[in-house]
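In case you want the letters, here they are:
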Amino acid sequence: MTSEAQPSTPASSTRPLVSLRKVNKHFGDLHVLRDIDLDVARGEVVVVIGPSGSGKSTLCRAINRLETIDDGEITIDGKVLPAEGKELAKLRADVGMVFQSFNLFAHKSILENVTLGPVKVKGMKPGPAKDLAMSLLKRVGVDNQAQKLPAQLSGGQQQRVAIARALAMQPKVMLFDEPTSALDPEMINEVLDAMVALAKEGMTMIVVTHEMGFARRAADRVIFMADGQIMEQATPEEFFTNPRSDRAKDFLGKILSH
Amino acid sequence: MENYLSLFETYDVPAAFWVNIQLSFWAAIFALVIGTVLALFRISPIPSLQWFGAAYVNIFRNTPLTIILAFGFLGLFSVMQISLASDLNASLFRIAILGLALYHAAFVCEAIRSGVNTVPLGQAEAARAIGLSFLPAARLIILPQAFRGAIAPLGNVLIALIKNSTVAAAGSVATESSGLMKTMIEFRSDLVIPIFLTFALGFVILVIPIGLLTTWASRRLAVAR
């Protein structure tokens, strides 16, 4: 673990922002998450990699309870994830999520996609919400598309809007579930650049990805998962140059050989 | 021919159709409201509401409309003395609307549910992920897209409803078209076939524009993905 205790700071800033304890989940007979323990510190960027079916997406989705867990405990900023209801909705508002398939609201304009959360969930006035949305859209470089519908944008643009939509809720942590896997190759970098910029600004991020370049550039820590377990975790430098587990060596051998 | 035209002097055919239009209009509005609520029940995360929605749909969809409307007149009105207006005819008219609405609500519910199936799961997940709970997510994200995907099946329900409004005769709404047709056939048995064709044509004229309109609207309003 990289976290170092800093005695002078108050408990809320040394306490991990996201914490998983002995989390287990099954899909029928398949044990997709096995005794997962994970702490993510405030401002930390954690990249989760691993072969398909290793449980990394499920892990990511469990953190805002889009997947329920069978046992164990997940806390966000000290609060245990509640059951479905108002409390959970409130907590989800603090956790930004970016999906593989963008999932922009198909019947709403780009601008409305970004303002909907602040207005309907946080009760922000439409005027300030619009200003906020436009500044976020500008930040990810799609402010000139604000009046269009999602289907009129390229995949890379849609995913950047999805990032802006999540940021509009001013989340404490952002989850990225394979954000570039559905993109054409030439659009991957525009999304990764937005993510790197976000990481540099100190956003706490948990990123499930196959983009090793992103892990090298932006991650504080790399988590390698296989068969529903965290096999190893290390700094990107250490993980990519000196993986310890055989599974990790095998995985890296397969993806880095070209 | 003169014989045939004289029918229209004796009997007010347009007025009878107007009764069907009014029955259909009000029943359609109530069926849409009730059907939407039922669809919400069926997609809600609460098991007892899901159960109620499913039970309602299965009971009303599988009961003949004639029985529902006859029950409205004989059961609600005659036996239980439930009256929805001070005037007898107005009360029967409203009970018929109620019966038509309750029956077609089951079909509206299923049409909307088929519309919900056109909305990818990711839309609901994204709505939940930004902190919307079930009702706001349904109202703002799921239902608007579901309705646009359900225009064609909803149009089919409306077409069925308009034609089914003739069953209101079973609820003793004697002024509607099939009631008038029965009277006309009784008194002018020499013109049975022209009378049938007149009413058939009347309904075709009423219904065709709805089919055209819903086809056009479902293309026009389809959600681009």
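Rules used in this analysis
- Residues numbered from 1 in each chain as written.
- Chains lettered and ligands numbered in written order.
- Predicted model: local features only at pLDDT ≥ 70, side-chain atom pairs only at ≥ 80, totals over all residues.
- Heavy atoms only, no water.
- Helix = DSSP H or I, 4+ residues; strand = E, 2+ residues; numbered from the N terminus.
- Rg over C-alpha atoms; globule rule 2.2 N^0.38 Å.
- Buried < 20%, exposed > 50% of the residue type's maximum accessible area, 1.4 Å probe, protein only.
- Contact = heavy atoms within 4.5 Å.
- Areas by Shrake-Rupley, 256 points an atom, 1.4 Å probe, with all protein chains shown as cover.
- Buried area = accessible area lost by both parts, 1.4 Å probe.
- Salt bridge = Lys/Arg side-chain N within 4 Å of Asp/Glu carboxyl O.
- Nonpolar A, V, L, I, M, F, W, Y, C, P; charged D, E, K, R; others polar.
- pLDDT = per-residue confidence, 0-100.
- Phe/Tyr/Trp six-rings, centres within 6.5 Å; stacked < 30°, edge-to-face > 60°.
- Pairing = 2+ DSSP bridges.

1. Quick notes on the overall build of chain A
Part 1 of the argument: What chain A contains, in helices and strands, is ten helices and ten strands.
Part 2 of the argument: Scaling as 2.2 N^0.38, a compact globule of 258 residues should have a C-alpha radius of gyration of about 18 Å, and chain A matches this with 18 Å.
Part 3 of the argument: Overall, chain A is about 50 × 45 × 45 Å in size when its C-alpha atoms are taken along their principal axes.
Part 4 of the argument: Buried residues in chain A amount to 54% of all 258 residues.
Part 5 of the argument: Across chain A, the fraction of contacts at a sequence separation of at least 24, relative to all contacts at a separation of at least 6, is 64%.
Part 6 of the argument: Within the structure as shown, chain A displays about 11400 Å² of accessible surface, and the carbon and sulfur contribution to it stands at 48%.

2. Let's talk about the interface of chain A and chain B
Part 1 of the argument: Counting residues at the interface gives 25 residues for chain A, matched by 19 residues for chain B.
Part 2 of the argument: Looking at the side of chain A facing chain B, the largest losses of area belong to A:Phe105, A:Ala106 and A:His107, adding up to 28% of the total buried there.
Part 3 of the argument: In this assembly, chain A and chain B are joined by two salt bridges.
Part 4 of the argument: Between A:Arg61 and B:Glu125 there is a salt bridge, with its nearest N and O atoms 2.5 Å apart.
Part 5 of the argument: Secondary structure elements with two or more residues in the side of chain A that touches chain B: helix 3 (86-93), strand 6 (95-98) and helix 4 (110-120) of chain A.
Part 6 of the argument: It is helix 3 of chain A that contributes the most residues to the side of chain A that touches chain B, four residues altogether.
Part 7 of the argument: Residues belonging to the side of chain A that touches chain B are distributed by class as follows: 13 nonpolar, four polar and eight charged.

3. So, the confidence of the model for chain B
Residue and element names in this part refer to chain B.
Part 1 of the argument: Taken over all residues, the pLDDT of chain B has a mean of 92, while the share at 70 or more is 100%.
Part 2 of the argument: Across chain B, helix 3 (residues 47-61) holds the top mean pLDDT of 97, while helix 1 (residues 2-10) sits lowest at 85.
Part 3 of the argument: Quick note on the complex model: pTM equals 0.87, ipTM equals 0.89.

4. Thoughts on the packing of aromatic side chains
Part 1 of the argument: Here the structure, examined in full by the defined rule, presents eleven aromatic pairs over all chains.
Part 2 of the argument: An angle of 25° between the planes, with centres 5.6 Å apart, marks the rings of B:Phe17 and B:Phe199 as stacked. Taken together, the positions of B:Phe17 in helix 2 (residues 13-43) and B:Phe199 in helix 10 (residues 192-220) put the pair 182 residues apart, joining distant regions of the chain. The same class applies to B:Phe17 and to B:Phe199, which are both buried.
Part 3 of the argument: When the centroid spacing of 5.9 Å and the interplanar angle of 70° are considered together, the rings of B:Phe41 and B:Phe52 count as edge-to-face. With a gap of eleven residues between them, B:Phe41 in helix 2 and B:Phe52 in helix 3 connect regions that are remote in the sequence.
Part 4 of the argument: Residue B:Phe41 is classed as partly exposed on the basis of its relative accessible area of 23%.
Part 5 of the argument: Counting every residue linked through ring pairs, the aromatic cluster contains A:Phe224, A:Phe239, A:Phe240 and A:Phe251.

5. Concerning the sheet that holds strand 5 (residues 79-80) of chain A
Backbone-to-backbone hydrogen bonds pair the strands of a sheet. The strands run either parallel or antiparallel.
All names here are of chain A.
Part 1 of the argument: With respect to topology, four strands assemble into an open sheet ordered 2-1-4-5, the strand pairing being antiparallel. Since the sheet does not close on itself, it has two edges, and those belong to strand 2 (30-40) and strand 5, each with one partner.
Part 2 of the argument: Sheet topology note: the strand 1 (residues 18-27)/strand 2 ladder contains seven bridges and is antiparallel. Paired with Lys25 across the strands is Leu33, a residue of strand 2.

6. Considering unusual backbone geometry
What you tend to see is this: most non-glycine residues have negative phi, and most peptide bonds are trans.
Residues and elements named next belong to chain A.
Part 1 of the argument: Phi angles above zero are rare outside glycine, and Arg65 is one such case at about 60°.
Part 2 of the argument: Relative to the elements of secondary structure, Arg65 occurs in the loop between helix 2 (56-62) and strand 4 (71-76).
Part 3 of the argument: A positive phi angle, close to 50°, is found at Asp227, a residue other than glycine.
Part 4 of the argument: Of the residues examined, Asp227 reaches a relative accessible area of 41% and is grouped as partly exposed.

7. Here's the deal with the pattern of salt bridges
All names here are of chain A.
Part 1 of the argument: Evaluated as defined, the whole model comprises 26 salt bridges over all chains.
Part 2 of the argument: Here Arg160 and Glu190 are joined by a salt bridge, their closest N and O atoms 2.8 Å apart. Here Glu190 lies in helix 7 (residues 185-200) and Arg160 lies in helix 6 (residues 155-167), a separation of 30 residues in the sequence.
Part 3 of the argument: What emerges from the salt-bridge pattern is a single network uniting Arg15, Arg42, Asp77, Asp94 and Lys172.

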